[in-house]
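Here's the letter readout for the chains.
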Amino acid sequence: MTRKVVLLGPQGPTPDVGAVVKDLGIKGPVALVRAGYQERESDDEALVTALGVPAINLTLHARGNDVFKHEAEFATAYQARQQRLRQMQRLYHTRLEGTEEAAKRISLRYVEPELLAQEEKVSVDQYRYMDLDHIERCQAVRAAFDKEWPYKNVPLIAQHRHEVRELVGPTEALVITGGHVASLLNRLQLFDVLAAAGDRPIIAWSAGAMVLTDRIILFHDYPPYGSDIAQVLDAGSGLVPGYAVLPDARRRINLGAAAGIQRFARRMAPATCVAMDHGARMVFDDGELVYADATRLTTTGDAERNWSGEASRFSTPYLGGVHV
Amino acid sequence: MTLAIEALINGRKAREDVDAFVAANSFPIVSGPNCTFVWRGEAQAVHLKHWVFGLERSQQLARIEGTDIWHLTLQLPPGSRVEYKLEVVRNGHGEWIQDPLNPNRARDPFGANSVVHATGYEVPSWVNPDPTAAKGHLDEIWIDSKTFGRRGFGLYIPARFQRSRNYPVIVAHDGHDYVRYASLDTVLDNLIDRLEIADTIVVLTSSPDRLNEYADDERHAKFVTEELLPYVERLLPISAEPQNRCLMGASFGAVASMSTALRYPGFYGRLLLQSGSFAFTDIGDRNHRGPLFDRIVQMVNRYRAEPNVIAEKVYVSVGTYESLIYENRTLVPVLNSTGMDVRYVEARDGHNWENWRDRLRDGLSWLLPGPFLHVYE
């Protein structure tokens, strides 16, 4: 049996998730993860209506709060881990900014275009190195924590994991919404939800889609303070490896900036960069893409709309760098 | 391009023509780079009074012969925002008034000024109350300070506050004025609701003797760091990380922020310094600004001689129309030389509260960013 994963764009006021549920022949119930909405995770009435089938909200955010409230020692250690990860994120971001600044200054030098192209490749390689290094170090922090705090030794977590498995048991699919991507990732891991889902189909969008990839990218071309550079948050679950999912692209990405798209796509290669707005869809069978209707950002700097997942003239990956 | 005022100058000037001119325009008349100030009435002379550094502070309006219309056209660069008053001279005495034809006002502790918005300037949407944004809570608390005796301070508590969380904290010098004249509470409500800045607790301080206490006074730094913040920490869940501690202020308040951070290195991770009164000298120790600045001059001179890290991130903003632009522009490379993360912003505005208000989104979202980068719905 294959595991089907469907990634969607933001649902907004006119959700299309109900159509997907129907297409997959799901009659329900489904297990619902809205932990990305944190304190608002239980406000699921409109979504359940849109799904068109009964849904069981796994309330992962509330379960996490319950653990932190009653397992004080674990909570302290967990908060220290999160603080370390946040600090690492800030320092990694500082390095990225330094490379970005250097790349800009180098691109203005009065030298042969061929040399500038070489230098551009060096810049991209530096981003790639920093991205990979950041992921590896984040994973090391998480692994060390898991070793020190085996979840089975924290009774309340074990209990919640058991309850989650019980709740998922009678469901036909797992639905993961958007929201705060780090919060979502952490709660999914804390309660081992993807393992509990087994081979059930997974339907996910926005932050929910991001956490199923092998690399979660934080991005916004229009932050309130002017401009910023995309950064890797951490590794995702890797259920759909090889894709950088970029939700809400029309609002967050300058799709007309060819140089920026080119540099970003080269930085992420050989992963495929996919911008997913409302209505976009990607379908995977056991991690293999079998259908797509989205926008691909290419290593030549294009935003290839209506990308169907097939190879195209843009498909040649940019394979510079030491970590390909 | 013909200016609206020229049509009146060159056309009929009967009373009904003047009435029609006044009724047909909003004032000052902004057309491209031209801003025409108009006053109507009987007077010996009328002057435009403004605080734009580099322009004549007092400029005479000309009377259109045969009418009671006075006018002056200035060219203002795009995006400018200029506060002004009109001086109407009668019987040899000048009276400063707000422009009766212009409804735009900016308030400050001294009253209110009229404001002209040049082409390209728009009041930011996030400074006005948003009915959909959750509202924070303002409170007033008293502290018995060993340094200053009994003193009140304000607290801004963000909407959806939870005791189980740890919050960043900002100490806002002249915080009550920031609320009164720069809509700080509304700005915080809106920016927090938009996820652009972190849910943050803000301590609003005010001093009855700010020109002394803010001018690199050791007592002030001690009060804020060793009395006020520990007191607030006992009341509310405040993060203990330096990157979650921010000092902010404008004018002398910016000096107080920098002075406090200087005295407690490693304690404050974020500074927001607006139009700082960072007077200095290149030779001698007396600045032209007068004795009130003497201690500041010493502080800034010391810092320029031996710059050091006083925070992780420092946001500096200043108006291009204020004289302090010289001091702030000079300070920025000094701050940069230490390796701190410095962001410097100039705006076509003056030394006033709405200038400081308009920079809050840029500054606070950079210093204490909210979760907008992490939220994908």
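Residues numbered from 1 in each chain as written. Chains lettered and ligands numbered in written order. Predicted model: local features only at pLDDT ≥ 70, side-chain atom pairs only at ≥ 80, totals over all residues.

**A look at the overall build of chain A**
Phase 1 of the analysis: On a plain count of helices and strands, chain A comes out with eleven helices and 13 strands.
Phase 2 of the analysis: Rg of the C-alpha trace for chain A: 20 Å, near the compact-globule value of 20 Å for 324 residues, within the 12% margin.
Phase 3 of the analysis: Based on the C-alpha atoms only, the size of chain A along its principal axes is roughly 65 × 45 × 40 Å.
Phase 4 of the analysis: Sorting the 324 residues of chain A into buried and exposed places 40% on the buried side.
Phase 5 of the analysis: A separation threshold of at least 6 residues defines the contact pool for chain A, and within that pool the share at least 24 residues apart is 76%. (Helix = DSSP H or I, 4+ residues; strand = E, 2+ residues; numbered from the N terminus. Rg over C-alpha atoms; globule rule 2.2 N^0.38 Å. Buried ≥ 20, exposed ≤ 12 C-beta atoms within 10 Å, placed from the backbone. Contact = placed C-beta atoms within 7 Å.)

**Notes on the overall build of chain B**
Phase 1 of the analysis: Counting its secondary structure elements, chain B contains eleven helices and 19 strands.
Phase 2 of the analysis: Dimensions of chain B, computed from the C-alpha atoms along their principal axes, are close to 70 × 60 × 40 Å.
Phase 3 of the analysis: For chain B, long-range pairs separated by at least 24 residues make up 72% of all intrachain contacts whose partners lie at least 6 apart in sequence.

**Focus: the sheet that holds strand E15 (residues 245–250) of chain B**
Residue and element names in this part refer to chain B.
Phase 1 of the analysis: The mixed open sheet is built from eight strands, whose spatial order is E11-E12-E14-E13-E15-E16-E17-E18. Two strands bound the open sheet, and with one partner strand each, they are strand E11 (137–145) and strand E18 (341–347). Each strand axis lies, on average, 20° off the axis of its neighbour in the sheet, ignoring direction.
Phase 2 of the analysis: Sheet topology places E11 next to strand E12 (residues 149–157); nine bridges connect them, and they run antiparallel. Considered in E12, the bridge of Trp142 is made with Gly152.
Phase 3 of the analysis: Helix H3 (residues 175–182) contacts E12, strand E13 (169–173) and strand E14 (201–205) of the sheet and is inclined by roughly 100° relative to E14.
Phase 4 of the analysis: Packed onto the sheet, helix H6 (residues 218–235) meets E11, E12, E13 and E14 and runs at close to 125° relative to E11. (Pairing = 2+ DSSP bridges. Axes fitted to C-alpha atoms, helices over the stretch in contact; angles between N-to-C directions.)

**A look at the environment of A:Ala244**
Residues and elements named next belong to chain A.
Phase 1 of the analysis: As for its position among the elements, Ala244 is in strand E9 (residues 243–247).
Phase 2 of the analysis: Judged by the 24 C-beta atoms lying within 10 Å of it, Ala244 is buried.
Phase 3 of the analysis: Once the C-alpha coordinates of Ala244 and Pro270 are considered, the two residues, 26 residues apart in sequence, prove to be 9.9 Å apart.
Phase 4 of the analysis: Setting aside chain neighbours within four positions, we find Ala244 in contact with Thr213, Arg215, Ile217, Met268, Ala271, Cys273 and Val274.

**Looking at the interface of chain B and chain A**
Phase 1 of the analysis: With twelve residues of chain B at the interface, the matching set in chain A holds 15 residues.
Phase 2 of the analysis: Contributing elements (two or more residues each) for the side of chain B that touches chain A: helix H11 (360–367) and strand E19 (375–376) of chain B.
Phase 3 of the analysis: By residue number, the principal contributor to the side of chain B that touches chain A is H11(B), which donates four residues.
Phase 4 of the analysis: Residues that form the side of chain B that touches chain A fall into these classes: six nonpolar, two polar and four charged.
Phase 5 of the analysis: Inspection of the sheet shows strand E5 (residues 179–180) of chain A paired to E19(B) by two bridges, in the antiparallel sense. Residue pairing for E19(B): A:Gly179 is matched across the bridge by B:Tyr376. (Nonpolar A, V, L, I, M, F, W, Y, C, P; charged D, E, K, R; others polar.)

**With respect to helix H4 (residues 184–193) of chain B**
Residue and element names in this part refer to chain B.
Phase 1 of the analysis: With nine of ten residues buried, H4 is to be regarded as a mostly interior element.
Phase 2 of the analysis: Those residues of H4 that sit buried are Leu184, Asp185, Val187, Leu188, Asp189, Asn190, Leu191, Ile192 and Asp193.
Phase 3 of the analysis: Once H4 finishes, Leu195 follows within two positions and takes phi at roughly 70°, a positive value.

**Some words on the nonpolar core**
Residues and elements named next belong to chain A.
Phase 1 of the analysis: Leu7, Val175 and Leu246 are the most contacted members of the largest nonpolar core, which has 86 residues in total.
Phase 2 of the analysis: The element that contributes the greatest number of residues to this core is helix H7 (residues 181–190), accounting for six residues.
Phase 3 of the analysis: Setting aside residues no more than four positions away along its own chain, Leu246 makes contact with Ile217, Phe219, Ile253, Cys273, Val274, Ala275 and Met276. (Core = buried A, V, L, I, M, F, W, Y, C linked by C-beta atoms within 7 Å.)

**What to know about the domain arrangement of chain B**
All names here are of chain B.
Phase 1 of the analysis: Its domain assignment divides chain B into domain 1 (4–117) and domain 2 (125–373).
Phase 2 of the analysis: Taking only C-alpha atoms, the centre of domain 1 and the centre of domain 2 are 35 Å apart.
Phase 3 of the analysis: Contacts between domain 1 and domain 2 engage 13 residues on the former and twelve residues on the latter.
Phase 4 of the analysis: At the level of secondary structure, the elements contributing two or more residues to the side of domain 1 that touches domain 2 comprise strand E7 (81–90) and strand E9 (105–108).
Phase 5 of the analysis: Here the residues of the side of domain 1 that touches domain 2 are counted per class, giving seven nonpolar, two polar and four charged. (Domains from an automatic or database assignment.)

**Focus: the sheet that holds strand E5 (residues 62–63) of chain B**
All names here are of chain B.
Phase 1 of the analysis: The strand order across the open sheet built from four strands is E1-E2-E6-E5, with neighbouring strands paired in antiparallel fashion. Every interior strand has two partners, whereas the edge strands, strand E1 (29–31) and E5, have only one.
Phase 2 of the analysis: When strand E2 (residues 34–40) meets strand E6 (residues 69–75), the two strands line up antiparallel, connected through seven bridges. Bridge pairing in E6 links Phe37 to Leu72.

**Digging into the pairing of E15(B)**
Residues and elements named next belong to chain B.
Phase 1 of the analysis: The buried fraction of E15 amounts to six of the six residues, a majority that puts the element mostly inside the structure.
Phase 2 of the analysis: Alternating positions in E15 separate into two faces, Arg245, Leu247 and Gly249 on one and Cys246, Met248 and Ala250 on the other, with burial throughout.
Phase 3 of the analysis: In the sheet, E13 pairs with E15 via four bridges, with the strands oriented parallel. Across the sheet, residue Val169 finds its bridge partner in E15, namely Arg245.
Phase 4 of the analysis: In this sheet, strand E16 (residues 270–274) lies alongside E15 in parallel orientation, the contact comprising five bridges. By the bridge assignment, Met248 is partnered in E16 with Leu272.
Phase 5 of the analysis: With respect to chirality, the unit in which E15 leads through helix H7 (residues 252–263) into the neighbouring parallel E16 is right-handed. (Right-handed = clockwise from strand over helix to strand, strands pointing away.)

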